[in-house]
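Chain by chain, the residues:
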Amino acid sequence: MDQKLQIKHHSLTGRINLPLMHAAFRAVKRNKGKAGVDRVSIELFAQQLDQNLTRLMRDLKQGSFQPRPALRRYIDKGGGKLRPLGIPTVRDRVAQEVLRRLLSPLFEREFHNNSYGFRPERSCHTAIEGLLEIWREGYLHVLDADISGFFDHSS
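Cut-off values and rules
Residues numbered from 1 in each chain as written. Predicted model: local features only at pLDDT ≥ 70, side-chain atom pairs only at ≥ 80, totals over all residues. Heavy atoms only, no water. Pairing = 2+ DSSP bridges. Helix = DSSP H or I, 4+ residues; strand = E, 2+ residues; numbered from the N terminus. Phe/Tyr/Trp six-rings, centres within 6.5 Å; stacked < 30°, edge-to-face > 60°. Buried < 20%, exposed > 50% of the residue type's maximum accessible area, 1.4 Å probe, protein only. Expected span 1.5 Å × (residues − 1). Bend = angle between axes of the 7 residues up to and from the residue. Contact = heavy atoms within 4.5 Å. Lys, Arg positive; Asp, Glu negative; His and termini not counted. Salt bridge = Lys/Arg side-chain N within 4 Å of Asp/Glu carboxyl O. Axes fitted to C-alpha atoms, helices over the stretch in contact; angles between N-to-C directions. Parallel < 35°, antiparallel > 145°, perpendicular 65-115°, else oblique. Left-handed = near helix turned anticlockwise from the far one by under 90°. 1 Å grid on protein atoms, 1.4 Å probe; cavity = no way out; pocket = protein on both sides within 12 Å on 5 of 7 lines; lining within 4 Å. Points joined across faces, edges and corners; volume = space filled by probe spheres on them. Patch = residues over 30% accessible without salt bridge, like charges linked within 9 Å, V, L, I, M, F, W, Y side chains within 5 Å. Areas by Shrake-Rupley, 256 points an atom, 1.4 Å probe, with all protein chains shown as cover.

1. Let's talk about the pairing of strand β1 (residues 71-78)
Alright, step 1. For β1 and strand β2 (residues 81-87), the ladder comprises seven bridges, and the chain directions are antiparallel. Along β2, the bridge assignment pairs Y74 with P84.
Alright, step 2. Between the antiparallel neighbours β1 and β2 lie two residues, among them G79 with a positive phi of about 65°.

See below:
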């Protein structure tokens, strides 16, 4: 029997609760950040925290959550180049963190061991440690591919 047919999919909405919502908000608050297009800062969101989290939890559970557009800002990369930055609303960042906390344990085991981007307990420092380890094993060449610019020049 095909392995994919044996995989069971369950709704994760039952795991969304107020303690998870509060933990997600604390993570967003810890990361700081500016207000999004709605101009609601972390501090303003926190003034009615329970109401905001309860409303957001209801929207996530009912499937009626709709993210708002991201606020577009540009960061100077030097040499006359700008990098676009999208700033989500605080509400949307909390929703993203809730989903990250629910989905990460399910998908983390699927990622390649040598993948370091946006992974728990991994950073550019652990990636360099990994490179140094394979260098000590005798490897002399590394291929690093960043495809983000590819889509700027490809149809």
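Right, picking up where we left off after that structure.
2. Quick notes on the packing of aromatic side chains
Alright, step 1. Scanning all chains against the criterion turns up one aromatic pair.
Alright, step 2. For the ring pair F25 and F45, a centre distance of 5.7 Å and an interplane angle of 20° mean the geometry is stacked. Of the two residues, F25 sits in helix α2 (residues 18-31) while F45 sits in helix α3 (residues 42-47), which places them 20 residues apart along the sequence.
Alright, step 3. The buried category is assigned to F25, whose relative accessible area is 4%.
Alright, step 4. Note on F45: relative accessible area 5%, which makes it buried.

3. Remarks on helix α5 (residues 90-107)
Alright, step 1. Here α5 is 18 residues long and its end C-alpha atoms lie 25 Å apart, about the 26 Å a rise of 1.5 Å per residue gives.
Alright, step 2. Maximal helix bending in α5 amounts to about 30°, located at R101; proline P105 follows within four positions.
Alright, step 3. Inspection of α5 places V90, R91, D92, R93, V94, A95, E97, V98, L102 and S104 among the buried residues, and these make up the whole buried set.
Alright, step 4. The inward-facing, buried residues of α5 abut α2, α3, α4 (49-62) and β2.

4. Considerations on the side chain of R93
Alright, step 1. Mapping R93 onto the fold places it in helix α5.
Alright, step 2. Buried and unpaired, R93 has D38 as its nearest opposite-charge partner, separated by 8.1 Å.
Alright, step 3. For R93, the residues in contact, after removing those within four places along its chain, are V28, K32, G33, K34, I42, I87 and P88.

5. Considerations on the environment of Y116
Alright, step 1. Within the fold, Y116 resides in the loop between α5 and α6 (124-136).
Alright, step 2. What makes Y116 partly exposed here is its relative accessible area of 23%.
Alright, step 3. With 14 residues separating them in the primary sequence, Y116 and G130 have C-alpha atoms 9.7 Å apart.
Alright, step 4. In this structure Y116 touches R122, S123, T126, A127 and G130, once residues within four positions along its chain are discounted.

6. Brief notes about the packing of α4 against α5
Alright, step 1. As a packed pair, α4 and α5 sit with axes 11 Å apart at the nearest point and diverge in direction by 55°. One element, α4, and the other, α5, form an angle in the oblique class. The element α4 and its partner α5 pack so that their crossing is right-handed. When α4 is examined against α5, the residues L53, L56, D59 and L60 are found in contact with a partner set consisting of R91, V94, A95 and V98.

7. Observations concerning the layout of surface pockets
Alright, step 1. When its volume is computed, the second largest pocket comes out at roughly 320 Å³.
Alright, step 2. Lining of the second largest pocket is provided by N31, Q96, E97, R100, S104, F118 and P120.

8. Let's talk about a nonpolar patch on the surface
Alright, step 1. Judged by side-chain polarity, L99, L103, L106, F107 and F111 come together as a nonpolar surface patch covering roughly 430 Å² of accessible area.
Alright, step 2. Tracing the chain through its elements places L99 in helix α5.

9. Quick notes on the pattern of salt bridges
Alright, step 1. One pass over the structure, following the stated rule, counts eight salt bridges.
Alright, step 2. For R91, the salt bridge identified is with D59, shortest N-O distance 3.2 Å. Here R91 is found in helix α5, whereas its partner D59 is found in helix α4, with 32 residues between them in sequence. Grouping residues by exposure puts R91 and D59 together as buried.
Alright, step 3. Between R136 and E133 there is a salt bridge whose closest N-O contact spans 3.5 Å. Linking R136 with E133, this pair stays in helix α6, spanning three residues, or about one helical turn.
Alright, step 4. Residue class for E133 comes out partly exposed when judged on its relative accessible area of 38%.
Alright, step 5. Members of the salt-bridge network, linked through shared partners, are R58, D59, R91 and D92.

All quantities given are derived from atomic positions and should not be read as evidence of function.
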